[in-house]
Amino acid sequence: MATRNSTANRRFKNPRLCINITHYKTSRIHYLLPQDISPGPIDEATYHSAPEEEAITQKRPKNGSGPAGGATYMDSGVDIDAGNALVEAIKPLASSTKRPGATTELGGFGGLFDLKAAGYSDPLLVAATDGVGTKLMIAEAADDHATVGIDLVAMCVNDLVVQGAEPLFFLDYMATGKLNVDAGRQLVEGIAEGCRQAGCALIGGETAEMPGMYAPGRYDLAGFSVGAVERDAVLTGKEATPGDVIFGLASSGLHSNGYSLVRRIVEDGDFDYAEDAPFQPGTSLGRALLEPTKIYIKSCLAALNTGGVHGLAHITGGGLLENIPRALSDGLAATIDVSTWPLPPVFDWLAKTGAIAPHELARTFNCGIGMAVIAAEENAGDVEAALTDAGETVFTIGAISETSGEAAVALENIDSAFRS
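Since the structure is predicted, the reported quantities are computational estimates derived from the model, not experimental observations.

Structural notes on helix H11 (residues 345-354)
Moving on, step 1. Along H11, the positions that sit buried rather than exposed are Val 346, Phe 347, Trp 349, Leu 350 and Ala 351.
Moving on, step 2. A positive phi of about 50° marks Ala 355, the residue just after H11.

Here you go:
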């Protein structure tokens, strides 16, 4: 960080600029300076460690291209100007996600959010973080980065709504070996679209250019989201009771789980991401596999408003088998009839091409159900209507019953429904 005392500048004729270097964002020094003061030469710098000093000052350059042959940050592979260009390029995208409570523009050190302006009186905050995983490697291979930002938002905000929370704001982190401004903009365009779908504000983020850490063309994404729910409306996993109905909301495809296995099947079968998908003629395999994760926020909030929802489960890694128990207390079991919805073509193709056993398919992928909704039996009609009116394809897939021991899931008709 950098500090420059404006009072001292008025009081002394020749003030000194002292900087405490805590990280590599030296290009952000001007944010802390008063508008009437332009940054002058740095008189003194304090570093936290010798390696940090060497990394920032580049005291051992190989082929200096800076003034008098000195090295520059660009020589090490970090393009500060590209980073600044990306920030400017994405500001309009962030602005398009504004909502009540969002009060800041991009470019500061932190994002602010006003809970009171968002209309909450006694809220609990709910936080979630996630990534997109090796789906990014397919985006890289197909050179198609347009929708993985939607995935990033979806994986976070869908985890918020299952506890009854409305997503309020989102922050992203992108790390890469070499920043490509056009690709970066595509990524943030997807993130902004995801935020608009979820009704949350993109209030900040971080782009880290780390040559040597990532191979050329490689990048990783992480997302962070915070939501709020009134204290008396939070879903704790203890609301479900025997007799409750389980609805399944159709997924849009693979969502963002199981891609290490997907890539293995593609590689072993020598498939080309640029060729037509065997399960979706007319669409390239890369684009079909990159179908973005569905965001269930508006439909689930509508269902919650009926007062009949006893639980929600986001079906991610672990599938129906491992995620539904997270919405149940011990002593309860969910019985799911997998013949009550069609297995989407992408899962059928994966099962047949990779010879994946039905149980393995069910514990790796969502298999066509991206969100499970547990509804009180007497309110099931209202909950289903709210979900349908919000645009969801809804299946009645099971029910809750009593059991001994820990919460569990039983999948009926799995061998016939998921047999490859």
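Having seen it, we continue.
Let's talk about the confidence of the model for the protein
Moving on, step 1. When pLDDT is averaged along the protein, the result is 83; 76% of the residues meet or exceed 70.
Moving on, step 2. Here residues 51-62 scores under 50 on pLDDT; set against residues more than four positions off or in separate chains, the count is 21 contacts.

Topic: the pattern of salt bridges
Moving on, step 1. A full pass over the atoms with the stated rule returns 11 salt bridges.
Moving on, step 2. One salt bridge connects Arg 99 with Glu 166, and the closest N-O pair in it is separated by 2.8 Å. Residue Arg 99 is located in the loop between helix H3 (80-95) and strand E4 (123-131), and its partner Glu 166 is located in strand E5 (residues 166-176); the two are separated by 67 residues in the primary sequence.
Moving on, step 3. Relative accessible area serves as the criterion here: at 22%, Glu 166 is assigned to the partly exposed category.

Quick notes on the environment of Gly 405
Moving on, step 1. Relative to the helices and strands, Gly 405 resides in the loop between strand E14 (394-402) and strand E15 (408-412).
Moving on, step 2. Its relative accessible area of 48% is what places Gly 405 among the partly exposed residues.
Moving on, step 3. When neighbours within four sequence positions are excluded, Gly 405 is seen to be in contact with Asp 330 and Gly 331.

So, the environment of Ala 139
Moving on, step 1. Within the secondary structure, Ala 139 sits in helix H4 (residues 135-142).
Moving on, step 2. Note on Ala 139: relative accessible area 0%, which makes it buried.
Moving on, step 3. Spatially, the C-alpha atoms of Ala 139 and Tyr 273 are 9.7 Å apart, while their sequence positions differ by 134 residues.
Moving on, step 4. Ignoring sequence-local partners within four residues, the contact set of Ala 139 consists of Asp 144, His 145, Val 148, Tyr 219 and Leu 290.

A word on a negative patch on the surface
Moving on, step 1. Judged by side-chain charge, Asp 270, Asp 272, Glu 275 and Asp 276 come together as a negatively charged surface patch.
Moving on, step 2. Summarising the element assignment, Glu 275 is placed in the loop between helix H7 (259-268) and strand E9 (276-277).
Moving on, step 3. Judged by relative accessible area, Glu 275 falls into the partly exposed class, the value being 49%.

Cut-offs used in this document
- Residues numbered from 1 in each chain as written.
- Predicted model: local features only at pLDDT ≥ 70, side-chain atom pairs only at ≥ 80, totals over all residues.
- Heavy atoms only, no water.
- Buried < 20%, exposed > 50% of the residue type's maximum accessible area, 1.4 Å probe, protein only.
- Helix = DSSP H or I, 4+ residues; strand = E, 2+ residues; numbered from the N terminus.
- pLDDT = per-residue confidence, 0-100.
- Contact = heavy atoms within 4.5 Å.
- Salt bridge = Lys/Arg side-chain N within 4 Å of Asp/Glu carboxyl O.
- Patch = residues over 30% accessible without salt bridge, like charges linked within 9 Å, V, L, I, M, F, W, Y side chains within 5 Å.
- Areas by Shrake-Rupley, 256 points an atom, 1.4 Å probe, with all protein chains shown as cover.
- Lys, Arg positive; Asp, Glu negative; His and termini not counted.
- Charge placed at Lys NZ, Arg CZ, Asp CG, Glu CD.

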